[in-house]
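# Residue-level structure breakdown
Letter by letter, the chains look like this.
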Amino acid sequence: MDSYDASESTPRQSTSSRPEDYFIGATFLQKRLESVRKQTSFIPTPPRRKIPHCSQLQEDVDPQKVAFLLHKQWTLYSLTPLYKFSYCNLKEYSRLLNAFIVAEKQKGLAVEVGEDLNIKVIFSTLLGIKGTQKDPEAFLVQILSKSQLPSENREGKVLWTGWFCCIFGDSVLETVSEDFTCLPLFLANGAESNTAIIGTWFQKTFDCYFSPLAINAFNLSWMAAMWTACKMDHYVATTEFLWSVPCSPQSLDISYAIHPEDAKALWDSVHKTPGEVTQEEVDLFMDCLYSHFHRHFKIHLSATRLIRVSTSVASAHTDGKIKVSLNNLVK
Amino acid sequence: MSSQKRGKNVQAQNRTSQGSNSFQTTLSAWKVKQDPSNSKSISKHGEDNPVGDYEHADDQAEDALQMAVGYFEKGPIKTSRNKDKTWEKHLKTVENVAWKNGLASEEIDILLNVALSGKFGNAVNTRMLKCMIPATVISEDSVVKAVSWLCVGKCSGSTKVLFYRWLVVMFDFIDRKEQINLLYGFFFASLQDDTLCPYVCHLLYLLTKKENVKPFRVRKLLDLQAKMGMQPHLQALLSLYKFFAPTLISVSLPVRKKIYFKNSENLWKTALLTVKQRNQGPSLEPLKLMLGPANVRPLKRKWSSLSVIPVHNSSSCTKECGKKEMSLSDCLNRSRSFPLEQLQSFPQLLQNIHCLELPSQMGSVLNNSLLLHYINCVRDEPVLLRFYYWLSQTLQEECIWYKVNNYEHGKEFTNFLDTIIRAECFLQEGFYSCEAFLYKSLPLWDGLCCRSQFLQLVSWIPFSSFSEVKPLLFDHLAQLFFTSTIYFKCSVLQSLKELLQNWLLWLSMDIHMKPVTNSPLETTLGGSMNSVSELIHYVGCLSTTAMRLESNSTFLLHFILDFYEKVCDIYINYNLPLVVLFPPGIFYSALLSLDASILNQLCFIMHRYHKNLTAAKKNELVQKTKSEFSFSSKTYQEFNHYLTSMVGCLWTSKPFEKGIYIDPEILENTGVAEYKKSLNVVHHPSFLSYAVSFLLQESPEERTVNVSSIQGKKWSWYLDYLFSQGLQGLKLFIRSSVHRSSVTRAEGINCNNQY
């Protein structure tokens, strides 16, 4: 009711509400269904992707915060739109989530909301982490332990971090009404039990739903290709692939490490048009790796399953774990 | 009794049942009947009971009781030497009556007063309190008076405890609770007393309303908790407070603990039961725990298994968060909205539909039929979207083949689908989320896993443009259909029949409610009809091919004809301008079937087609104006074709002349001598057995039967015989399509040439 006033001034509102939306007869639910139909009936991934020019990211990004996101392993979750989430109430959310966590940890004991406890919850926005102007702002949730001694570092240790973001969410945003904030990707770092508690609170408070996001082999090979393509002054790690051979009693993993410069050279020989990457190029890149491996070991890697890719830029695992090492967030 | 009040009672009882007081819950059924007007009739009913022997004894007891009550009211007579004996005698009387019949509310009023005023000794007070068993109700005033005695300090601690225990047990018997609620502050203050605390907590648990939850009370309770540690009774009260004011307090209950209050009230339990049974006759159902652990869903901690439907929680927290500034008084004074926890009945839903506090997680509506009603009629899009997002994601997340090799999980998924299907049946409406789920999962489906659930989901696909949905769903379904067993084919046809029925129902409702349909993709009636007819044609194609694949299985044909039984009646039953005939592959298979019930079903369908087409023709003539939906002459021609063929075969013994034409030479080549007659009602392979038994019935001693002898009058009798054998379809068909003159075997076909 009253929250309408509050949400009117949210950044998301000003960026994504388009008046014409309200006059189209079809409801959001119907639009949603139609978009699902479209997604299902056409090929799931476009055959070619443009590499965006990192436009938003550089402009108003807080380098300190971005640095904070790097070099950490993130577990990915996909998330349904948040209902009645407002960027104006981050302080309030911190307070409530704090109480919730404390209550969960001290099962059975009731606690007063706002009571002083030895953890601290901070909600803050992550400016600039978005694909287009229309994408809602990303935000960060941190759980800090408050140190008992005042003399010590006042900030305390970071126990858990999670952030919510939306990058190039155009197709999804079209089908979301103004009561919802669409941040379909959630990344968590910290104890799984904490993720569970915090996720539960979000699910209860904003009627959303988290589900673990797996990265399939198809997308992993895309990532491998695009990360290989990144220009680097010096490489800190080898480019490594991990395949899993499903066999009993124990599955067999095949690791395949290449010197990053070799990988880059291979990619450059495969890659044609600057500024965009096509499906054929990615396929060709992987095929080259496969045939090279086959020549030496007589093993057809294409018959196994790609489960992990790691490069100097970033690494990703099929079970939805990702780690970005460089100041370049383009995936 | 206003429904509002009753609602409160119910709520109070439910709360009790969260503790372990099972009998209070089971009394609820009785309590509802306890309107003041009814209470008399109940007691009268008790008198009317054929317990004549007791009646006299009862009268005597009644007098003795009056005396006893009078005695206690006056107080002990100090001078009396044998006072011990006297009070003993009177107390016995009271106890006897109380344990047998219960006490009237006036008697309770007096005796309660006596017990708490401390006129007699502690032992007397205790015994008296123990026998305060109400026959009907306890008046609120008595309780208020009794409570006032507690302040005077005349009664001992143990009496106080007993009184509170009694109050908790009898809570549902108190006729009104407004006055008692005004004493909330007094009761709350009694929490200080360590011995009283558990019982007072229980009482407050029953008594608390939203407006009773105040920040200072929350603080007091937290202090108590800090002092006394984690006590179940405090937890109970705190969690109730949290229900009402989630922003003030945060409590997580241990997963296993479900019993807050010890069930120590056996003292009165049996007595109440006896009294109840005496006054009401034996209760029909045995006493049982109604709201057991099944209702208390353990919080699923494990992130990955956070599966099924969330529990209800009103969303006040979310709303509160939406405000920029929130003051505590603000959130406590919002009495306008109706809390979900109190929603118990349909009338309540109707009364409060404008101010219902929605659950914080919309998915929880799946388990609540009242809220499903709400979802069904609400046009508030965020509500539907929240539900849509939740259900879509949950379905995808839970879907079994993402997590193979997990039998337990598979069962859980099946149960979840069953719940969804139940909700859809309840609402008579499909969910978009399920449709979207089918888009993704049907192409990957093996046709085995959760078969019944999947096919039911198919039958609940919301109405939409068939041509658009076909590549997403029905093409995949067709692949499975053709490659699976006959049983799978039959189940698919069954669910497609249900789908057709659901679409028709939806369209017939929708069209007659508003001119423009609300459907996402079809805006005109013509478009909608087009979509339905495409569905029917699709099933026609499936059926024709399936008949060939299954070599004209009778079993399959039954399912196909079941589908067409729906199709043939669209015009009349659903008042929709659509008549689609079956394909020849089905018609001729049925006509030449060896099974009489198939032929009977075919006759029935033809009869209904006839009726529908006639009705349509009539309407067209009446309306004069050429409407958009006049059927093409092709439909009529096709029908006449079928009709002529059928009558030619079954009746006039001139098969394959009109309708389907077969070169006589081919027919000669079959070597059947009298092929013309061989398909009429007598010689048709499926009727032959009827003809023989008919003849045997006529002349049982005959050793050879000649079915060709069924002619003339016998033909008529034979028909009557057929009809008497349950071939109602045939009867209707012959009555409507064959004009029988007095001359038997007349060629009275209504040729329908006017179409």
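Bear in mind the structure is a predicted one, so any value in this text is a computation, not a measurement. (Residues numbered from 1 in each chain as written. Chains lettered and ligands numbered in written order. Predicted model: local features only at pLDDT ≥ 70, side-chain atom pairs only at ≥ 80, totals over all residues. Heavy atoms only, no water.)

### Remarks on the overall build of chain B
The number of helices and strands found in chain B is 35 helices and one strand. Relative to its 755 residues, chain B shows a buried fraction of 52%. For chain B, contacts bridging at least 24 residues in sequence account for 73% of all contacts bridging at least 6. Working note: accessible area of chain B is about 34,400 Å², and carbon and sulfur atoms make up 54% of it. (Helix = DSSP H or I, 4+ residues; strand = E, 2+ residues; numbered from the N terminus. Buried < 20%, exposed > 50% of the residue type's maximum accessible area, 1.4 Å probe, protein only. Contact = heavy atoms within 4.5 Å. Areas by Shrake-Rupley, 256 points an atom, 1.4 Å probe, with all protein chains shown as cover.)

### As for the overall build of chain A
A count of helical and extended segments in chain A gives 12 helices and 16 strands. Here chain A holds 331 residues, and 50% of them are scored as buried. Residue pairs at least 24 apart in sequence account for 69% of intrachain contacts in chain A once pairs closer than 6 positions are excluded. Split by element, the accessible area of chain A, about 15,900 Å² in all, is 55% carbon and sulfur.

### Thoughts on the nonpolar core
Residues and elements named next belong to chain B. With 156 residues, the main nonpolar core has Phe-474, Phe-687 and Tyr-718 as its most contacted residues. Ranked by residue count, the leading element in this core is helix H25 (residues 486-513), at 11 residues. In this structure Phe-474 touches Val-458, Ile-461, Phe-466, Val-469, Leu-496, Leu-499 and Tyr-538, once residues within four positions along its chain are discounted. Counting 76 residues, the second-largest nonpolar core is a separate cluster that includes Leu-112, Val-124, Cys-201 and Leu-234. (Core = buried A, V, L, I, M, F, W, Y, C linked by side-chain atoms within 4.5 Å.)

### Concerning the pairing of strand E9 (residues 185-190) of chain A
With four bridges joining them, strand E2 (residues 73-79) of chain A and E9(A) adopt antiparallel strand pairing. What sits directly across from A:Leu76, in E9(A), is A:Leu187. (Pairing = 2+ DSSP bridges.)

### Observations concerning the packing of helix H6 (residues 105-117) of chain B against helix H9 (residues 157-169) of chain B
Residues and elements named next belong to chain B. H9 packs onto H6 with a crossing angle of 155° between their chain directions and a minimal axis gap of 11 Å. Between H6 and H9, the angle is such that the two are roughly antiparallel. Residues Ile-108, Leu-112, Ala-115 and Leu-116 of H6 form the contact with H9, whose own contacting residues are Thr-159, Phe-163 and Trp-166. Here the contact of H6 with H9 is built from residues that sort into six nonpolar, one polar and no charged. (Axes fitted to C-alpha atoms, helices over the stretch in contact; angles between N-to-C directions. Parallel < 35°, antiparallel > 145°, perpendicular 65-115°, else oblique. Nonpolar A, V, L, I, M, F, W, Y, C, P; charged D, E, K, R; others polar.)

### Re helix H13 (residues 215-228) of chain B
One turn of the α-helix equals 3.6 residues, which is why residues spaced by three or four share an orientation. Residues and elements named next belong to chain B. Its 14 residues give H13 an end-to-end C-alpha distance of 20 Å, which sits within 8% of 20 Å, the value for a rise of 1.5 Å per residue. Regarding H13, the residues found buried are Pro-215, Arg-217, Val-218, Leu-221, Leu-222, Leu-224 and Gln-225. The positive-phi residue at the C-terminal boundary of H13 is Gly-229, with phi of around 85°. (Expected span 1.5 Å × (residues − 1).)

### Observations concerning the pairing of strand E6 (residues 138-145) of chain A
Residue and element names in this part refer to chain A. Across the eight residues that make up E6, a large majority, seven, are buried. Two elements, strand E5 (residues 119-126) and E6, share eight bridges in a ladder whose sense is antiparallel. Pairing of Ile-119 across the sheet is with Ser-145, part of E6.

### Describing the pattern of salt bridges
Throughout the structure, instances matching the rule amount to 13 salt bridges over all chains. Put simply, A:Asp268 and A:Lys264 hold a salt bridge, and the shortest N to O gap is 3.2 Å. Pair noted here: A:Asp268 and A:Lys264 are both in helix H11 (residues 260-270), with a separation of four residues, about one helical turn. For B:Lys470, the salt bridge identified is with B:Asp475, shortest N-O distance 3.1 Å. Residue classification places B:Lys470 among the partly exposed residues on the basis of a relative accessible area of 29%. Residue classification places B:Asp475 among the partly exposed positions, given a relative accessible area of 31%. Here the salt bridges share partners, and the residues they tie into one network are B:Glu88, B:Lys92, B:Glu95 and B:Arg127. (Salt bridge = Lys/Arg side-chain N within 4 Å of Asp/Glu carboxyl O.)

### Section: the packing of aromatic side chains
Residue and element names in this part refer to chain B. Counted according to the given criterion, the structure contains 70 aromatic pairs over all chains. Arranged with centres 4.8 Å apart and planes meeting at 80°, the rings of Phe-587 and Tyr-588 form a pair that is edge-to-face. Of the two residues, Phe-587 and Tyr-588, neither departs from the other in class, the shared state being buried. Both rings, one in Tyr-588 and one in Tyr-642, keep their centres 6.4 Å apart while their planes meet at 75°; by these two values the pair is edge-to-face. You can see Tyr-588 sitting in helix H29 (residues 584-591) and its partner Tyr-642 sitting in helix H31 (residues 633-650), a full 54 residues away along the chain. (Phe/Tyr/Trp six-rings, centres within 6.5 Å; stacked < 30°, edge-to-face > 60°.)

### A closer look at the state of the cysteines
Residue and element names in this part refer to chain B. Inspection of the entire model under this criterion finds zero disulfides over all chains. You can see Cys-155 has no disulfide; the closest cysteine sulfur is in Cys-151, sitting 9.4 Å from it. Note on Cys-155: relative accessible area 9%, which makes it buried. (Disulfide = S-S within 2.5 Å.)

### A closer look at the confidence of the model for chain A
Model confidence for chain A is summarised by a mean pLDDT of 79, while 78% of its residues fall at 70 or above. When the criterion is pLDDT under 50, residues 1-25 of chain A qualifies, and its contacts beyond four places in sequence or with other chains add up to 37 contacts. (pLDDT = per-residue confidence, 0-100.)

### Description of the side chain of A:Thr318
Residues and elements named next belong to chain A. Take Thr-318: it is sitting in the loop between strand E15 (314-317) and strand E16 (321-324). We classify Thr-318 as buried; its relative accessible area is 13%. Not counting residues up to four positions away in its chain, the partners in contact with Thr-318 are Ala-214, Ile-215, Asn-216, Leu-220, Arg-305, Leu-306 and Ile-307.

### Re unusual backbone geometry
One non-glycine residue with positive phi stands out, namely A:Asp207, at about 45°. Along the chain, the position of A:Asp207 falls in the loop between helix H9 (192-206) and strand E10 (210-212). With relative accessibility at 3%, the residue A:Asp207 sits in the buried group. Backbone geometry places B:Asn552, a non-glycine residue, at a positive phi of 50°. Residue classification places B:Asn552 among the partly exposed residues on the basis of a relative accessible area of 49%.

### A closer look at the packing of helix H12 (residues 197-207) of chain B against helix H14 (residues 232-244) of chain B
Residue and element names in this part refer to chain B. Where H12 meets H14, the closest approach of the two axes is 9 Å, and the angle between their N-to-C directions is 25°. Of the possible angle classes, the one that applies to H12 and H14 is roughly parallel. Crossing of H12 against H14: the hand is left-handed. Taken together, the residues of H14 that come into contact with H12 (itself represented by Cys-197, Pro-198, Cys-201, Leu-204 and Tyr-205) are His-233, Leu-234, Ala-236, Leu-237 and Leu-240. (Left-handed = near helix turned anticlockwise from the far one by under 90°.)

### Quick notes on the confidence of the model for chain B
All names here are of chain B. Considering every residue of chain B, the mean pLDDT works out to 77; 75% of them sit at 70 or more. The weakest mean pLDDT in chain B belongs to helix H2 (residues 22-32) at 38; the strongest belongs to helix H27 (residues 554-567) at 96. Here residues 282-307 scores under 50 on pLDDT; set against residues more than four positions off or in separate chains, the count is 44 contacts. The low-confidence segment residues 316-335, where pLDDT is below 50, has 43 contacts with residues more than four positions distant or belonging to other chains. The complex model carries a pTM of 0.68, and its ipTM stands at 0.82.

### Examining the environment of B:Gly726
Residue and element names in this part refer to chain B. Within the element layout of this structure, Gly-726 appears in the loop between helix H34 (712-724) and helix H35 (728-737). Exposure remark for Gly-726: the relative accessible area of 41% places this residue in the partly exposed category. Taking the C-alpha atoms as reference, Gly-726 lies 9.3 Å from Ser-597; in sequence the two are 129 residues apart.

### Some details on the environment of B:Ala616
Residue and element names in this part refer to chain B. Within the element layout of this structure, Ala-616 appears in helix H30 (residues 596-623). Overall, the relative accessible area of 2% leaves Ala-616 in the buried class. As for Ala-616 and Leu-578, which are separated by 38 residues in sequence, their C-alpha atoms are 9.1 Å apart.

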